[in-house]
Amino acid sequence: MLTEQAVIDFLSQNDYDVRTSHNGRWIDQKCTPDVLSFQADCIYNYVMEHPGQPFYTKDIWFNDYAIDNTMAIFKKPSPTTDKAKNEYDKFFGQPLKLLGYSKVLNETKDGNKNVYTVNNLELLEYIAISERNALKFLFRYIEKVLSDSGLYSSFNNYFSEQKRYLSNKDRMQSLYLNVKNDFYHFTKRYTPINKDLECGRIFTKVINPLAYFYNACGTEGGHVSKDMITFDVLMYNRNNFRDIYANKPKGITRKEYASENPIQINEQYYEYQSNKAKKFLRLFNDQYRNGQTEHLESAHLRDQAIHIHHIFPKAMYPEICYYLENLIALTPTQHYNYAHPNGHTQEINVAYQKLLLLSKADRIKENLLEHYGENVEKIYEFSRFLHVLSVGFDNDDVESIEDMDFPSVMNAINVYYADIA
């Protein structure tokens, strides 16, 4: 499994100067982390079925895997319908152009058609395996393109200066207009793109991933965003549970709110993301923990943890089913004999659930604070673990725990299960 440093090393080998390539489609409107990850997944599945074979956009577009999942995950009409042609030209074509410009794929011409082969299969898989990996790739890729193109200083000035003027709306807007105008002028000068509307669509996909990683304001509706850019803002699929519960009054539980305000969710989307998250954790655990169980019990330390278990069940808590912080690698015995009593997967051993949460807290602490080595990716976020606990316990107060305060997390887990014992 690649690390973010491996992404940086790959990008450093290539020159992405738009002033010499004149390629205005190095990133585009449909190049969101979730769409890019999905398209990389579709490509990866296709090339596994057709090893070494060049492919065109429509080979991915009309592949059964892409058709089924595009309809289920993104709630779009079948890619095979004539009415969908213009939308799918962008939905499939733009991420492929990005992967081609970045050199993850090799891109050549066959007449007026783009034809692709895979240049770096490991990096393609890295992007495919999770939206967060895709976002990390986008962040590093955008930085490198801007740097190679002599445009990075404008963005860097915007992000560094805004920290001083967050409470000054006029100054913030002035900083924003400076970087926006620089990008528009650059794009019109060095690429065939000459319309403000097109420049604006691309500008959003450039500045907002950077703003997310710099914990800064980006763009929204053609203006500087009122708030810091969050993960869900970057996604194509934005029907986020945090948005759904945004209007929930304090003191009302999620279950109560949901019963009074029925929530429609895209089950296929969460199933797809859950399966990818489980695959990711299994790969990580195999590579960096030698496949050992994440819940350390002396009787099972030599058994391989080949099962990935949802600590809070997927059927009851779909909103956190793809959070790595809600998944734990277990041995088959731990999974089917202990976590699910007598192998009944619809049942949960509550006492064991508590132990799994405590163990998961330890694994997250190891990853974030203690590491397994310098080259090990940080795959968890403390705030996401708090959100998992908040949802599982149906208690918003958990999310007010201070960053990296693991003793308070342990205490919250112990208090919750003491109350329901």
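See above for the structure.
K.L.:
Which parts of the structure should I look at to understand the packing of helix α1 (residues 4–12) against helix α8 (residues 131–148)?
P.N.:
What describes two packed helices is the angle between their axes and the distance between those same axes. At a minimum axis distance of 10 Å, the contact between α1 and α8 shows a crossing angle of 30 degrees. By the angle class used here, α1 and α8 are roughly parallel. Seen along the crossing, α1 lies across α8 with a hand that is right-handed. Where α1 approaches α8, its residues Glu 4, Val 7, Ile 8, Leu 11 and Ser 12 are matched on the opposing element by Lys 136, Phe 137, Phe 139, Arg 140, Tyr 141 and Lys 144. In the contact of α1 with α8, the residues fall into 6 nonpolar, 1 polar and 4 charged.

K.L.:
Just to check I follow, could you spell out empty space enclosed by the protein for this structure?
P.N.:
Gaps between atoms show up when a probe of the same size as a water molecule is rolled over them. Tallying each qualifying case throughout the model produces 2 cavities of 30 Å³ or more. What lines the largest cavity is a set of 13 residues, among which Val 18, Trp 26, Phe 183, Phe 186 and Thr 187 lie closest to the centre. Mapped onto the lining of the largest cavity, the elements with two or more residues apiece are α8 and α10 (169–190). With 3 residues, α10 is the single largest residue contributor to the lining of the largest cavity. Class assignment of the residues belonging to the lining of the largest cavity gives a composition of 8 nonpolar, 5 polar and no charged.

K.L.:
Which parts of the structure should I look at to understand the pattern of salt bridges?
P.N.:
Oppositely charged side chains may form a pair once their charged atoms are brought near each other. Summed over the entire model, instances satisfying the criterion amount to 17 salt bridges. A salt bridge links Lys 188 to Asp 196, with the shortest nitrogen-to-oxygen separation between them at 2.4 Å. For Asp 196, a relative accessible area of 44% puts it in the partly exposed group. Close ionic contact of Glu 325 with Arg 384 constitutes a salt bridge, the shortest N to O distance being 3.5 Å.

K.L.:
Hey, could you run me through unusual backbone geometry in this one?
P.N.:
One can expect most non-glycine residues to show negative phi and most peptide bonds to be in trans. The phi dihedral of His 22 falls on the positive side, at around 60 degrees, and the residue is not glycine. Within the secondary structure, His 22 sits in the loop between α2 (18–21) and α3 (33–49). In this structure His 22 comes out as partly exposed when scored by relative accessible area, which is 43%. Non-glycine residue Asn 290 carries a positive phi angle of around 55 degrees. Structurally, Asn 290 is set in the loop between α14 (267–288) and β6 (307–310). The class of Asn 290 is exposed, set by a relative accessible area of 62%.

About the criteria used
- Residues numbered from 1 in each chain as written.
- Predicted model: local features only at pLDDT ≥ 70, side-chain atom pairs only at ≥ 80, totals over all residues.
- Heavy atoms only, no water.
- Axes fitted to C-alpha atoms, helices over the stretch in contact; angles between N-to-C directions.
- Helix = DSSP H or I, 4+ residues; strand = E, 2+ residues; numbered from the N terminus.
- Parallel < 35°, antiparallel > 145°, perpendicular 65-115°, else oblique.
- Left-handed = near helix turned anticlockwise from the far one by under 90°.
- Contact = heavy atoms within 4.5 Å.
- Nonpolar A, V, L, I, M, F, W, Y, C, P; charged D, E, K, R; others polar.
- 1 Å grid on protein atoms, 1.4 Å probe; cavity = no way out; pocket = protein on both sides within 12 Å on 5 of 7 lines; lining within 4 Å.
- Points joined across faces, edges and corners; volume = space filled by probe spheres on them.
- Salt bridge = Lys/Arg side-chain N within 4 Å of Asp/Glu carboxyl O.
- Buried < 20%, exposed > 50% of the residue type's maximum accessible area, 1.4 Å probe, protein only.

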